Amino acid sequence: MTTLGDYGEIFMGNPKNLKRAGYDDKGGNIAYDPEFECTGGSSNPNDKQCPFETKESDVMGLATTGWDGRLLHLNMPSFRDPLCPRTLKYLFTKAKRPNDIRVRVLQQNMGDDVDCLETYCDMMAQLREETGGG
């Protein structure tokens, strides 16, 4: 398979389905251009902000490389999801640096649904018992 661009490609969906939805010239694979993700408020090139570039003004005193002081923040929606506790368990048990992860779960349940946090805590307590972990 040939790559469409230097940075790979993005699958935009089945062209037939998109055409039915009124998008005649879209669909299939298109070249990915990371510059497309850059934004700016003016024509001044210094105003350009790209998520893949780190500027000294963005780092708030942290080193621009390495992990020191870096946290992963994850917002996780959960709509009646019985797998939510297992997802949290895997997130923390498989992470290289679990202490650097912060999770917010937005949970929407009915009365008899599994509570994500309670079940996750039960699962972790059981795991600690089984492995003797702390």
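Residues numbered from 1 in each chain as written. Predicted model: local features only at pLDDT ≥ 70, side-chain atom pairs only at ≥ 80, totals over all residues. Heavy atoms only, no water.

**Student:** Give a description of the pattern of salt bridges that names residues and reports values.
**Tutor:** Considering all chains together, one arrives at two salt bridges under this definition. Among the salt bridges present, the one from Asp113 reaches Arg80, with a minimum N-O distance of 2.6 Å. Residue Asp113 is located in the loop between strand 4 (101-108) and helix 3 (116-131), and its partner Arg80 is located in the loop between strand 3 (72-79) and helix 2 (84-94); the two are separated by 33 residues in the primary sequence. With a relative accessible area of 38%, Arg80 lands in the partly exposed category. The closest approach of N and O atoms between Arg97 and Asp100, which form a salt bridge, is 2.8 Å. (Salt bridge = Lys/Arg side-chain N within 4 Å of Asp/Glu carboxyl O. Helix = DSSP H or I, 4+ residues; strand = E, 2+ residues; numbered from the N terminus. Buried < 20%, exposed > 50% of the residue type's maximum accessible area, 1.4 Å probe, protein only.)

**Student:** Residues and numbers for helix 3, please.
**Tutor:** For helix 3, which comprises 16 residues, the first-to-last C-alpha distance of 22 Å matches the rise-based estimate of 22 Å (1.5 Å per residue) to within 8%. By the burial criterion, the buried members of helix 3 are Cys116, Tyr120 and Met124. Taken down its axis, helix 3 places every buried residue within 60 degrees of arc, on the same side. Exposed positions of helix 3 whose direction lies more than 90 degrees from the buried face are Glu118, Asp122, Glu129 and Glu130. In this structure, the buried side of helix 3 is in contact with helix 2 and strand 4. Looking at where helix 3 begins, the residue whose side-chain oxygen comes 3.3 Å from the main-chain nitrogen of Leu117 is Asp115. (Expected span 1.5 Å × (residues − 1). Arc of directions from axis to C-beta. Contact = heavy atoms within 4.5 Å. Polar contact = N/O pair within 3.5 Å; in protein donor to acceptor, adjacent residues only side chain to side chain.)

**Student:** Got a sec to walk through the side chain of Ser78? Specific residues and values, please.
**Tutor:** Here Ser78 lies in strand 3. On the accessibility criterion, Ser78 (2% relative accessible area) is buried. Contacts of Ser78, omitting those with residues within four sequence positions, involve Cys84, Val105, Leu106, Gln107 and Gln108.

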